[in-house]
Amino acid sequence: MGAFWFVELGVLILFLQAFKPGLSEESKCLPGFNSEMYIFKVERNHLRSGRSLGKVVFDDCTSRTSFLFHSEDSRFKVDGDGTLKLKRGLTLHNGHKEFYVSTQSKGKKITVPVRVLHKARHGHHHNHHEMTTQPKPGESLSLPVLNFPKSSGGLKRRKRDWVIPPINFPENGRGPFPKNMVQIKSSNDKEVKIQYSITGTGADLPPVGLFTVDKNSGILYVTQPLDRERKDQYILLAHAVAVGAGIAEDPKEIIVKVIDMNDNKPVFTQDPFTGTVPEASKPGDEVMQVTATDADEEGSANSDVRYTILSQEPPLPSPNMFVINPVTGGIRVNAPGLDREKFTKYTLAIQAADMEGNGLTSFGKAIITVTDSNDNAPQFVTPSYTVSVPENKVDALVVKMPVTDGDEPHSSAWATTYKIVDGDPQGLFSVCTSPSKLEGTIMTVKPGASLSLPVLNFPKSSGGLKRRKRDWVIPPINIPENGRGPFPKNMVQIKSSNDKEVKIQYSITGTGADLPPVGLFTSLDREKKDQYILLAHAVAVGAGIAEGPMEIIVKVIDMNDNKPVFTQDPFTGTVPEASKPGDEVMQVTATDADEEDSANSDVRYTILSQEPPLPSPNMFVINPVTGGIRIKAPGLNREKIPKYTLAIQAADMEGNGLTSFGKAIITVTDSNDNPSYTVSVPENKVDVTDGDEPHSSTCSTTYKIVDGDTQGLFSGSTGPSKLEGIITTAKPLDFEKNNKYTLLVTVQNEVPFAISLSTSTATVVVNVEDVNEAPVFTPVEKIIRKPEDIPVDSDLVLYTATDPDTARNQKVTYKIHNDPAGWLSINKDTGLIKVKSLMDRESTFVQDNKYSVIVLGIDNDEIPATGTGTLIIELEDVNDNAPTIDESVIRVCNKESSPQLLSVTDKDSAGFAAPYTVQLQGSSHSNWTARMNDTKTGIILTLKTVLDSGDYMVVLRVSDNQGLHHDSTIQASVCDCKGADVQCTDKAVTGFGL
């Protein structure tokens, strides 16, 4: 049932009547409902049968509390005390449902509109004194009437108040115009002719002619669409004058209130919005706010804007780095990981939608710039420096130390400061920041700045300077090979404790000093010589006293400066084709010249590739430590692939250092065939052959499987060479039933043996390879019967599939593949199918009352397999379609009019259709008669009075055999003619003809 408009096509009657003498106070009570409209709010769209929605209250000016109520919509019923209940389930497709409830009082039918609205969580009704109502076309609403008692002195003009509630009328009406709004009526119109008029803004004041009134009937019209954003209400004065009597009612105020329609999108107050966020911000920190305005009615849902982030660019390190408050538009940090050095800017696509986020939408952008925080520590370009400076020099440049910093250049987080924290207890050095801000400079500040080296101090003798023999204890001096210089480089300082009493001169002798390589002041190479033994000498100048020569050992520290070297390239080896996984094939070896037993010479081996990569790309595996190559997978076949080439890598540092590459060539050798074969074939395949070549006599042979094949799964035949037996699968094999077959095969000559000979036999072991099979639905086509109005979210059926691969222990998940109308949903884990939206037997997606859906069952194998099942729902019809009239326009003569046959259609099945009944609605029965034809399937409509030529609206209520009805409006063009020969000229009158 569509939405209804009280003020659009219905007629609201306001009676204006003068007081008459003899009016008593008791006569003021009029029977009626205590509200002009009842609104029952519910918290969800789908309502279940039996639900109580609230009460309507009726007062017939007596003490009665129970009445007989009638609901226009057969899905609702009203108890005697006014309680409104659902007779069967209902879905509010548009968020609301409108209908009428009526009762009889003193022989008069009194009607009130009812609206069921999906909005609040507590459904109840409010007194709705504003007429925000919407009748169906052609209906006249029964509304509260202001009756004035007649005076005993006849018609008399007197002043009194009209009580007229505001007339609520929606903006942006589509027409056709003019549209009925309200009928103004005086109770004296039966005694004297009353003429009506209106004045005020929209009538005789600009915009002139927006509202008009029929001076005879008092029907008030609007002539064009209203716009609430231009003007939200109009105040008119209604006038009623008795023609010829000169007596009129006092002008009374009519307020036309324009109802807001959601016709304005939200508008962002700026686009784009810009903001900043420090990169050190934490989740929850506020960033910025976006705002949008909406020109629709303030405080209504039409202007209630909600905000959503649609996308984030870039979507890193998380696609949801920010979150927006849907009400305020405040944007906050949602996830950690902001890093200005990686992502300096984020662009958010923002949506603003009215109707609390469910209405009209607008789109904008928020650009957020990530500002720098000091989250990157400066790093020295070179972590160690060895320099030389002259002694006794102040302000000498020692070294410049550049650094890097990942923070924003030229910011405070990027500039650096330096501090010497160790090795300068005497304060001989100072460090400062160079102008570039990314370089530290060390200078000498006191004379005597020398490098801190190991010092050997000799104890003083008690008798003064005296030459004596003693042992020096000097630990080995470790120095890395391949030093970069500059040379010479300091190693150690030799010092005598007598150097303050007498001048001491030092010298060294030995290999690398005075022996080859003489004067070694260049880069050392551990692989040429791993240590040097020197003798150190200390002599007192002029005194002839010297310390005894002492041994200094210089040990060269190994650096990883040598790649592994394969001992040969390529390596060659052989492997019998009958070898099994795990069998050793060959070994590759590599040496490394770096220090033995150190990580620098610890080599690991890897197979990089295999050529050809058949029948598996990993036919071989290598021991990473020993280099031993073994068979990894079965399938070696010299007749198919006689040679494999492996690309081998050797890497030191336990596989993480310097690398070398070599090859291993493996030749597959023939194996002596024997009468036993082990082969593997995939399950579920037919005509799979075993091509091994058995060696028998030179005679033509025949083959026969004599044991192990009771089900006839295999067949044996002779190959073209006559010396080859071929075994083929004759039926699909099933791994889950049997994964191994042992066949006994015999071979004979085609010609019988000339002498007695034993028959040769061979055993063939067939291993069935497991293949991932698709899940199987049981049954493949499942048929169920359900009523078409089964409620949303109801369980429909459990439709599951089983996985034939029992050994794999796989899980099956479900999804709907083809649901043409989108009515169903499925639980991906259980296969339970539920109703997602109401089904409709009369839909074009339903054929012969059947609705088909394709369901998928998918296993979780590395390469998933998918099975399909078909669910067929046989929909049982319910009476959810009222009958309608096919014709919308007829033409008749106004004299001796011929009957018009109107066709009736009902989408429901025969049980909910004919025989039909028909009733004229409103005032249509004044000028027309309507009855059903003999078959009760068509309507015979006849004009019974002579009308002026013109277009008239005739409202017919057609009901099916269950009482479900629909009101149809027929436009009858009445022409000035006679009988069946309809001849129409210019139309003189346009009206409802009710």
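Model, not experiment: these values are computed from the prediction. (Residues numbered from 1 in each chain as written. Predicted model: local features only at pLDDT ≥ 70, side-chain atom pairs only at ≥ 80, totals over all residues. Heavy atoms only, no water.)

1. A short note on the overall build of the protein
Then, number 1: If you tally the helices and strands in the protein, you get two helices and 72 strands.
Then, number 2: Long-range pairs, those at least 24 residues apart, make up 66% of the contacts in the protein with a sequence separation of at least 6.
Then, number 3: Accessible area of the protein: about 53,300 Å², with a carbon and sulfur share of 51%. (Helix = DSSP H or I, 4+ residues; strand = E, 2+ residues; numbered from the N terminus. Contact = heavy atoms within 4.5 Å. Areas by Shrake-Rupley, 256 points an atom, 1.4 Å probe, with all protein chains shown as cover.)

2. Section: the packing of aromatic side chains
Two descriptors summarise a pair of aromatic rings, namely the distance from one centre to the other and the angle between the planes of the rings.
Then, number 1: Considering all chains together, one arrives at 18 aromatic pairs under this definition.
Then, number 2: Residues Phe 67 and Phe 69 carry aromatic rings whose centres are separated by 6.1 Å and whose planes lie at 65° to one another, so their mutual orientation is edge-to-face. For the residue pair Phe 67 and Phe 69, the accessibility class agrees, reading buried in each case.
Then, number 3: Judged by centre distance (5.1 Å) and plane angle (70°), the rings of Phe 211 and Tyr 234 are edge-to-face. In this pair, Phe 211 is assigned in strand 16 (residues 211-213) and Tyr 234 in strand 18 (residues 233-242), connecting sequence segments 23 residues apart.
Then, number 4: Three or more aromatic residues joined by ring pairs make a cluster, and in this case those are Phe 33, Tyr 38, Phe 40, Phe 58, Phe 67 and Phe 69. (Phe/Tyr/Trp six-rings, centres within 6.5 Å; stacked < 30°, edge-to-face > 60°. Buried < 20%, exposed > 50% of the residue type's maximum accessible area, 1.4 Å probe, protein only.)

3. Quick word on the sheet that holds strand 68 (residues 928-932)
Then, number 1: In space, the four strands of this open sheet follow the order 64-66-69-68, with antiparallel pairing throughout. Edge strands, defined here as strands with exactly one partner in the open sheet, are strand 64 (884-885) and strand 68.
Then, number 2: Inspection of the sheet shows strand 68 paired to strand 69 (residues 938-943) by five bridges, in the antiparallel sense. Bridging from a neighbouring strand, Trp 928 pairs with Leu 943 of strand 69. (Pairing = 2+ DSSP bridges.)

4. Some thoughts on the pairing of strand 3 (residues 38-42)
Then, number 1: Counting buried positions along strand 3 gives four out of five residues, so the element sits mostly inside the fold.
Then, number 2: In this sheet, strand 12 (residues 108-118) lies alongside strand 3 in parallel orientation, the contact comprising five bridges. Bridge pairing in strand 12 places Phe 40 opposite Val 116.

5. Section: the environment of Lys 828
Then, number 1: Locating Lys 828 in the fold gives a position in the loop between strand 60 (824-826) and strand 61 (832-835).
Then, number 2: Placed 28 residues apart in sequence, Lys 828 and Leu 856 show a C-alpha to C-alpha distance of 9.9 Å.
Then, number 3: Excluding residues within four positions of it along the chain, Lys 828 makes contact with Val 812, Thr 813 and Tyr 814.
Then, number 4: Here the side chain of Lys 828 touches Asp 829 through a polar contact of 3.3 Å, side chain to side chain. (Polar contact = N/O pair within 3.5 Å; in protein donor to acceptor, adjacent residues only side chain to side chain.)

6. Looking at the confidence of the model for the protein
Then, number 1: This prediction gives the protein a mean pLDDT of 80; 83% of its residues lie at or above 70.
Then, number 2: Contacts from residues 686-699, a stretch scored under 50 in pLDDT, to residues over four places away or in other chains number 37 contacts.
Then, number 3: Ignoring residues within four places in sequence, the model shows residues 987-994, a span with pLDDT below 50, making 27 contacts including any to other chains. (pLDDT = per-residue confidence, 0-100.)

7. A closer look at the sheet that holds strand 5 (residues 52-55)
Then, number 1: The three strands lie next to each other as 5-9-8, forming an open sheet whose pairing is antiparallel. At either margin of the open sheet sits one strand with a lone partner, and together these are strand 5 and strand 8 (76-78). Across this sheet, the average inter-strand angle for adjacent strands is 20°, counted without regard to direction. (Axes fitted to C-alpha atoms, helices over the stretch in contact; angles between N-to-C directions.)

8. Here's the deal with unusual backbone geometry
Then, number 1: For the bond from Phe 177 to Pro 178, the omega torsion is 0°, close enough to zero to count as cis.
Then, number 2: Counting through the fold element by element, Pro 178 comes out in the loop between strand 13 (167-170) and strand 14 (179-186).
Then, number 3: A cis amide bond links Glu 611 to the next residue, Pro 612, at an omega of 0°.
Then, number 4: Relative to the helices and strands, Pro 612 is located in the loop between strand 43 (604-611) and strand 44 (620-622).
Then, number 5: If you check the backbone angles, Cys 61 has positive phi at about 65° while not being a glycine.
Then, number 6: Relative to the helices and strands, Cys 61 resides in the loop between strand 6 (58-59) and strand 7 (70-71).
Then, number 7: Given a relative accessible area of 28%, Cys 61 falls into the partly exposed group.

9. Section: a negative patch on the surface
Then, number 1: On the surface, a cluster of negative charge is contributed by Asp 530, Glu 595, Glu 596 and Asp 597.
Then, number 2: Of the residues examined, Asp 597 reaches a relative accessible area of 76% and is grouped as exposed. (Patch = residues over 30% accessible without salt bridge, like charges linked within 9 Å, V, L, I, M, F, W, Y side chains within 5 Å. Salt bridge = Lys/Arg side-chain N within 4 Å of Asp/Glu carboxyl O. Lys, Arg positive; Asp, Glu negative; His and termini not counted. Charge placed at Lys NZ, Arg CZ, Asp CG, Glu CD.)

10. Some remarks on the pattern of salt bridges
Then, number 1: Under the criterion given, the structure shown has 25 salt bridges.
Then, number 2: Notably, a salt bridge pairs Arg 51 with Glu 43, separated by 3.0 Å at the nearest N-O pair.
Then, number 3: The class of Glu 43 is partly exposed, set by a relative accessible area of 27%.
Then, number 4: For Asp 73, the salt bridge identified is with Lys 97, shortest N-O distance 4.0 Å.

11. Some thoughts on the side chain of Asp 260
Then, number 1: By secondary structure assignment, the location of Asp 260 is in the loop between strand 19 (252-259) and strand 20 (267-268).
Then, number 2: Of the polar contacts made by the side chain of Asp 260, one reaches the side chain of Arg 228; its length is 3.1 Å.
Then, number 3: Within polar-contact distance, the side chain of Asp 260 engages the side chain of Asn 302 at 3.0 Å.
Then, number 4: Beyond its immediate chain neighbours, meaning those up to four positions away, Asp 260 contacts Glu 171, Arg 228, Glu 229, Asp 296, Glu 297, Ser 300 and Asn 302.

12. A closer look at the state of the cysteines
As used here, a disulfide is simply a covalent bond connecting the sulfur atoms of two cysteines.
Then, number 1: Tallying each qualifying case throughout the model produces two disulfides.
Then, number 2: Note on cysteine connectivity: Cys 893 is disulfide-linked to Cys 977, with sulfurs 2.0 Å apart. Around the S-S axis, the bridge from Cys 893 to Cys 977 shows a dihedral of about -105° and counts as left-handed. Of this pair, Cys 893 sits in strand 65 (residues 889-895) while Cys 977 sits in strand 71 (residues 965-978), and the two are 84 residues apart along the sequence. Here Cys 893 matches Cys 977 in class, with each residue buried. (Disulfide = S-S within 2.5 Å.)

13. Re the pairing of strand 32 (residues 439-444)
Then, number 1: The pairing of strand 30 (residues 397-404) with strand 32 spans five bridges and is antiparallel. Looking at the pairing, Val 399 lines up with Ile 442 of strand 32.
Then, number 2: Pairing analysis gives five bridges linking strand 31 (residues 429-433) to strand 32, with the strands arranged antiparallel. Within the sheet, the bridge partner assigned to Cys 432 lies in strand 32 and is Thr 441.
Then, number 3: Turn length for the strand 31-strand 32 hairpin, with the two strands adjacent in sequence and antiparallel, is five residues, and the turn residue Lys 437 shows positive phi of about 70°.

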